[in-house]
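Residue strings, one per chain:
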Amino acid sequence: MNTLELEHMLIGYARTSTTEQVYSLEAQREALEAFGCDKVYHEQLSAASTSKRAELGNMIEFARTGDTVVITRLDRLARNVRDLLDIVEGLQAEGIGLVVLDLAGQQLDTTTASGKFMLTMLAAVAEMELTLRKERQVVGIKKAKEAGKYTGRKPSIHKHKEEALQLKEEGLNISAIAERLSLSRNSVYKLLG
């Protein structure tokens with residue numbers, strides 16, 4: 001019987017919340033490659049919903065027993081403790097480890113008992129920090145509104161209004177305008193409505 005020895009892989013995962021954070025995404029990819037990751041999955045999408053992150057799903061599906069997933073920071077993988085623990089438990093059930101590169105100069109390895117403990121504690125602290133930040137933001141916005149200094153952010157589609165109107169005058173239909181401006185058809189209807 002001829003059996004092939006499967007090599008265990010280091011699989012990186014990098015994520016930023018927006019396309020404006022390109023440098024951050026590139027920095028993550030560089031750190032993962034420097035660590036020795038054989039393959040790096042990356043996406044620019046909020047971590048708020050793990051079900052919508054296609055590359056995270058692809059990475060988890062690709063990983064095999066004995067592989068190790070490598071991330072630069074905990075918040076790149078999940079935004080709350082429950083999601084993080086679900087992901088880690090799923091990886092562990094498949095015999096896949098997790099390494100977090102940047103923890104104040106330390107690395108975290110969930111294949112060890114102390115690493116599992118630290119992960120749970122750090123995830124709880126990260127979630128608390130996110131919640132406190134949101135609370136401070138709400139208070140700050142409320143105070144700014146009361147002082148008449150906060151009007152909110154304009155929806156980003158409005159920067160395309162003049163261009164959409166020009167394309168409409170040129171005879172393009174809604175679908176063509178949407179494709180040209182990289183917007184949804186609904187956004188074009190809102191601009192032209």
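Okay, so let's go over this structure. As the structure is a computational prediction, the values presented were derived from the model and not from experiment. (Residues numbered from 1 in each chain as written. Predicted model: local features only at pLDDT ≥ 70, side-chain atom pairs only at ≥ 80, totals over all residues. Heavy atoms only, no water.)

What follows is about the side chain of R76. Position of R76 relative to the elements: it lies in the loop between β3 (68-71) and α3 (81-93). At 3.1 Å, the side chain of R76 forms a polar contact with the side chain of D75. (Helix = DSSP H or I, 4+ residues; strand = E, 2+ residues; numbered from the N terminus. Polar contact = N/O pair within 3.5 Å; in protein donor to acceptor, adjacent residues only side chain to side chain.)

To continue, consider the packing of aromatic side chains. If you walk through the whole model with that rule in mind, you get 1 aromatic pair. With 6.1 Å between their ring centres and 55° between their planes, Y41 and F62 make a pair best called tilted. Placement of Y41 in strand β2 (residues 39-44) and of F62 in helix α2 (residues 54-62) is noted, with a sequence separation of 21 residues between them. Seen from the ring of F62, K39 lies directly overhead, with NZ or CZ sitting 5.4 Å from the centre. (Phe/Tyr/Trp six-rings, centres within 6.5 Å; stacked < 30°, edge-to-face > 60°. Lys NZ or Arg CZ within 6 Å of the ring centre and 35° of its normal.)

Looking at the secondary structure, you find E43 in strand β2. The buried charged residue E43 lacks any salt bridge partner; its closest oppositely charged side chain belongs to R53, at an N-O distance of 5.0 Å. Looking at E43, its side chain comes within polar contact range of the main-chain nitrogen of E55, at 3.0 Å. Within the local environment of E43, its side chain forms a polar contact with the backbone nitrogen of L56, the two atoms lying 3.1 Å apart. Ignoring any residue separated from it by four or fewer positions in sequence, one finds E43 in contact with Y13, A14, R15, T16, L25, R53, A54, E55 and L56. (Buried < 20%, exposed > 50% of the residue type's maximum accessible area, 1.4 Å probe, protein only. Lys, Arg positive; Asp, Glu negative; His and termini not counted. Salt bridge = Lys/Arg side-chain N within 4 Å of Asp/Glu carboxyl O. Contact = heavy atoms within 4.5 Å.)

With that out of the way, let us pick up a nonpolar patch on the surface. Taken together, the side chains of F117, M118 and M121 make up a nonpolar region of the molecular surface, amounting to roughly 300 Å² of accessible area. On the secondary structure map, M121 appears in helix α4 (residues 113-146). On the accessibility criterion, M121 (42% relative accessible area) is partly exposed. (Patch = residues over 30% accessible without salt bridge, like charges linked within 9 Å, V, L, I, M, F, W, Y side chains within 5 Å. Areas by Shrake-Rupley, 256 points an atom, 1.4 Å probe, with all protein chains shown as cover.)

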